[in-house]
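# Fold and geometry: a report
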Amino acid sequence: MSDQQRLASVQGRFTRRRLLVAAGGGAGTLALGGYALGRVAAGPEPADLVLRPRPAEVELGRRHVSTWTYDGRLPGREIRLRQGRPVRIRVDNALTEPTSIHWHGVRLRNNAADGVPGLTQDAVEPGESYLYEFTPPDAGTFFFHSHFGMQLDRGLYAPLIVEPRHEELDYDREAVVLVDDWLDGVSGTPEARLDALRREGMAMHGGMRMGARPPSGPFAPLDPSNRLASRHVAMTNAALAGQVDGGDVEYPLHLINGRPPEAPAQIDVRRGERVRLRLVNSGADTIYAVFVEDHELRVTHADGLPVRQVTTDAVLMGMGERLDVLLDARRDSARLVAVPLGKAGRAVASLRYAGERRRAPAPAARVRIPRRLLTHADLVGAQESEAEPPGDVRAVPLDLSMGMGAYQWTIGARPFAHAEMLKLDRGERVRFVLRNRTMMPHPMHLHGHSFRPLAGRTATPPLKDTVVLAPMEELSVEWVADNPGRWAFHCHNAYHQEAGMMRHLEVS
Ligand SMILES: [Cu+2]
């Protein structure tokens, strides 16, 4: 077993909730270990954790590739925080270009820690350090990543888990699952790919192959009468049939926890256990349908926050989205599979029933795609999730468009370089009326806040920070601008973001 495989196995952490309860809260706190990285006292600024973005060679099965990492690991080492407990994380930039870190989905109050260069901080120059100080207000599944240039499409991402004050969910074991599209060092670099897209221009991208009738399978919606969910399932099926683009970039590899299919990450479970999978799409340009063969998934959280529990076979995940699911280990060893929309290949991990002879099918063996696919439109907010204050709603129409000719993606008809700051009053209820005017899906992400996608099915939509708009879809998201500061709203496709699909907001 390589170091990376071992790391991937370790990320299938054994939490033994029942044992923790039996041993009492103090032992539980100890077992959970507080912060995942060592404390340091010396250095430019004292900090609880230090992250060192640096170039490294990483092993991807039969390949060794040069890329950029946090501390030489892919993904970076998991950070585990406590809800409501302040943390100081110092970044010592050992890259050859500037960087910054965004704590994706964390509704932190200290705007200076949000990690958007040119908006909340200056980029951290090579050889310089920056101290991120914040208190995570919500427990849940998050991740952190570079918010500079195309660095997200290298190895600069890692899981960020916030432990609750009191765990409500009952499970025996958990595993963090980061799905990522990978090209760096295998077929060029993200920067070279973006340059190529710019040379090719827009004619090549965001297309739909006309003429073919959209297939009715393999996936089906949970509820066929749910119009928006059905649309996302239809998009998925059409993308799997090669009729719709899922993104702009072909990737030679799709990874789970930094592992390629030929040398997959292992998640060890024991028969009868209830396993919490913390699923994260940390890709730059790829939407995935994720499932575990022959196992149902019960979705409990979306983008870190609780939802009304719902059972499915597979889940659809845009870049930046997280879903927590429970799985009962009552079948046999199986593969966890992430199928990329509109692209070749797949990401595979191995769910292994410990001590049992029966192995999961080989990574490259044929996959039988299950039937029911859950989309964000199937989710209902948990009853205990926060209520909206009454009052007027300010509607802000924002069209998602593409450039004519040049490789350019825009919000509100203006590329980022020519867009003004969107000013919002603190406490204001805001409705972004999003209209996707392109044939490309866009996962839209808001910093510092959660919004409710108004999918029209429920009076309490889930709170999310990232939501996928299907091609030509119109969707409003409503939120309360209650976190003062400057925040970004952007497409979480790294290529689209870099090509202009971002707006800056100011809440004051
Ligand atoms: Cu986009």
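The written sequence of each chain sets the order in which its residues are numbered from 1. Owing to the predicted nature of the model, reporting of local features is limited to residues with pLDDT of at least 70; listing and counting of side-chain atom pairs is limited to 80 or more, with chain, interface and lining totals taken over all residues. With hydrogens and water stripped out, all remaining heavy atoms of the structure feed into the side-chain values.

### A closer look at the overall build of the chain
Strands are runs of DSSP state E lasting at least two residues, helices are runs of H or I lasting at least four, and both sets are numbered from the N terminus onward. Along its length, the chain carries six helices and 32 strands. For every residue, the accessible area obtained with a 1.4 Å probe (protein chains only) is divided by the maximum for its type, and the residue is called buried under 20%, exposed over 50%, and partly exposed between those limits. Split into buried and exposed, the 508 residues of the chain put 60% on the buried side. What makes two residues a contact is simply this: any of their non-hydrogen atoms within 4.5 Å. Across the chain, contacts joining residues at least 24 apart in sequence account for 79% of those joining residues at least 6 apart. Surface exposure here means Shrake-Rupley accessible area, sampled with a 1.4 Å probe, where a residue is shielded only by the protein chains that are shown. Of the roughly 19200 Å² of accessible surface on the chain, a fraction of 49% belongs to carbon and sulfur atoms.

### Structural notes on the coordination of the copper ion
All of the protein donors around the copper ion are His442 (ND1), Cys491 (SG) and His496 (ND1); their distances to the metal are 2.0 to 2.1 Å. Excluding water, the donors of a metal are its N, O and S neighbours within 2.8 Å, or within 3.2 Å for Na, K and Ca, and that exclusion means sites may look incomplete. Counting along the primary sequence, the residues that act as donors to the copper ion give the motif H-x48-C-x4-H. Taken together, the residues span a long stretch of sequence, with His442 in strand β27 (residues 442-446) and Cys491 in strand β31 (residues 485-491) at a distance of 49 residues.

### Quick look at the environment of Asp313
Structurally, Asp313 is set in the loop between β17 (305-312) and β18 (314-317). Remark: the alpha-carbon pair of Asp313 and His295, spanning 18 residues in sequence, is separated by 7.0 Å. Residues within four places of Asp313 in sequence aside, it is in contact with Val290, Phe291, His295, Glu296, Leu297, Pro370, Arg371 and Arg372. In protein, a polar contact means a hydrogen-donor-capable atom and an acceptor-capable atom, both N or O and within 3.5 Å, with residues adjacent in sequence counting only if both atoms are side-chain atoms; elsewhere, any N or O pair within 3.5 Å suffices. Among the polar contacts made by the side chain of Asp313, one reaches the side chain of Arg372 at a distance of 2.9 Å.

### Overview of helix α5 (residues 227-240)
Between its first and last C-alpha atoms α5 spans 20 Å; for 14 residues at 1.5 Å apiece the expected length is 20 Å, and the two agree. Along α5, the positions that sit buried rather than exposed are Leu228, Ala229, His232, Val233, Met235, Thr236, Asn237, Ala238 and Ala239. Between a side-chain oxygen at the N-terminus of α5 and the backbone nitrogen of Leu228 the separation is 3.4 Å; the capping residue is Asn226. Each residue after the first adds 1.5 Å to the expected span of a helix.

### Topic: the sheet that holds strand β1 (residues 49-51)
Within the open sheet, the three strands sit side by side as β1-β5-β7. Their pairing is mixed. Lying at the two open borders of the sheet, with one neighbouring strand each, are β1 and β7 (129-134). Across the sheet, the mean angle from the axis of one strand to that of its neighbour is 25 degrees, orientation sign disregarded. Strand pairing requires that DSSP identify at least two bridges connecting the strands. Here β1 runs beside strand β5 (residues 87-92); their pairing, made up of three bridges, is parallel. Each bridged residue has a counterpart across the sheet, and for Val50 the counterpart in β5 is Arg90. Orientation is described by axes fitted as lines to C-alpha atoms, over the contacting stretch for helices, and by angles from 0 to 180 degrees between their N-to-C directions.

### Considerations on the pairing of strand β14 (residues 274-281)
Judged by how many residues are buried, β14 sits mostly within the fold: seven of eight residues are covered. Alignment of strand β10 (residues 173-182) against β14, held across seven bridges, turns out to be parallel. Looking at the pairing, Val177 lines up with Leu279 of β14. Relative to strand β19 (residues 322-328), β14 runs antiparallel, the two being bridged by seven bridges. Directly across from Arg274, in β19, lies its bridge partner Asp328.

### Here we look at the environment of Pro260
Note that Pro260 resides in the loop between β12 (253-256) and β13 (265-269). Between the C-alpha atoms of Pro260 and Gly61, which are 199 residues apart in sequence, the distance is 6.2 Å. Excluding residues within four positions of it along the chain, Pro260 makes contact with Leu60, Gly61, Leu253, His254 and Leu255.

### Here we look at the pattern of salt bridges
Here, a salt bridge means any side-chain nitrogen of Lys or Arg that lies within 4 Å of a carboxyl oxygen of Asp or Glu. Scanning the entire structure with this criterion turns up 38 salt bridges. The shortest N-O distance in the salt bridge between Asp324 and Arg278 comes to 3.5 Å. You can see Asp324 sitting in strand β19 and its partner Arg278 sitting in strand β14, a full 46 residues away along the chain. For the pair formed by Asp324 and Arg278, the shared burial category is buried. The residue Arg330 makes a salt bridge to Asp328 at a minimum N-O spacing of 3.8 Å.

### Regarding unusual backbone geometry
With an omega of -15 degrees, the peptide bond between Leu74 and Pro75 qualifies as cis. Summarising the element assignment, Pro75 is placed in the loop between β3 (63-70) and β4 (79-82). In this structure, Pro218 follows Gly217 across a cis peptide bond, with omega equal to 10 degrees. Turning to its location among the elements, Pro218 is positioned in the loop between α4 (190-200) and β11 (220-221). Within the chain, Asp71 stands out as a residue other than glycine whose phi angle is a positive 60 degrees. Locating Asp71 in the fold gives a position in the loop between β3 and β4. For Asp71, a relative accessible area of 31% corresponds to the partly exposed category. The backbone of Asp303 shows a phi angle near 50 degrees, a positive value even though the residue is not glycine. Within the secondary structure layout, Asp303 lies in the loop between β16 (297-302) and β17.

### Some details on the nonpolar core
Residues belong to a common nonpolar core when they are buried Ala, Val, Leu, Ile, Met, Phe, Trp, Tyr or Cys residues joined through side-chain atoms within 4.5 Å. Counting residues in hydrophobic clusters, the biggest one holds 66 residues, and the most contacted among them are Trp103, Phe134, Phe144, Phe432, Trp479, Phe489 and Tyr495. Sorting elements by how many residues they give to this core places strand β30 (residues 474-481) first, with four residues. Setting aside its immediate chain neighbours within four residues, Phe489 contacts Leu398, Ile411, Phe432, Leu434, Met444, His445, Leu446, Met502, Arg503 and Leu505. Counting residues in hydrophobic clusters, the runner-up holds 33 residues, among them Val179, Val275, Leu277 and Val315.

### Comments concerning the sheet that holds strand β23 (residues 393-402)
In spatial order, the strands read β24-β23-β26-β30-β28; together these five strands make up an open sheet with mixed pairing. On the outer flanks of this sheet lie β24 (409-411) and β28 (452-453), each paired with one strand and no other. Of the strand pairs in this sheet, β28 and β30 are connected by two bridges, and their pairing is antiparallel. In the sheet register, Pro453 faces β30, and the bridge partner there is Val477.

### Regarding the side chain of Asp378
With respect to the helices and strands, Asp378 occurs in the loop between β22 (372-374) and β23. Apart from residues lying up to four places away in sequence, Asp378 is in contact with Leu222, Asn226, Ala229 and Leu373.

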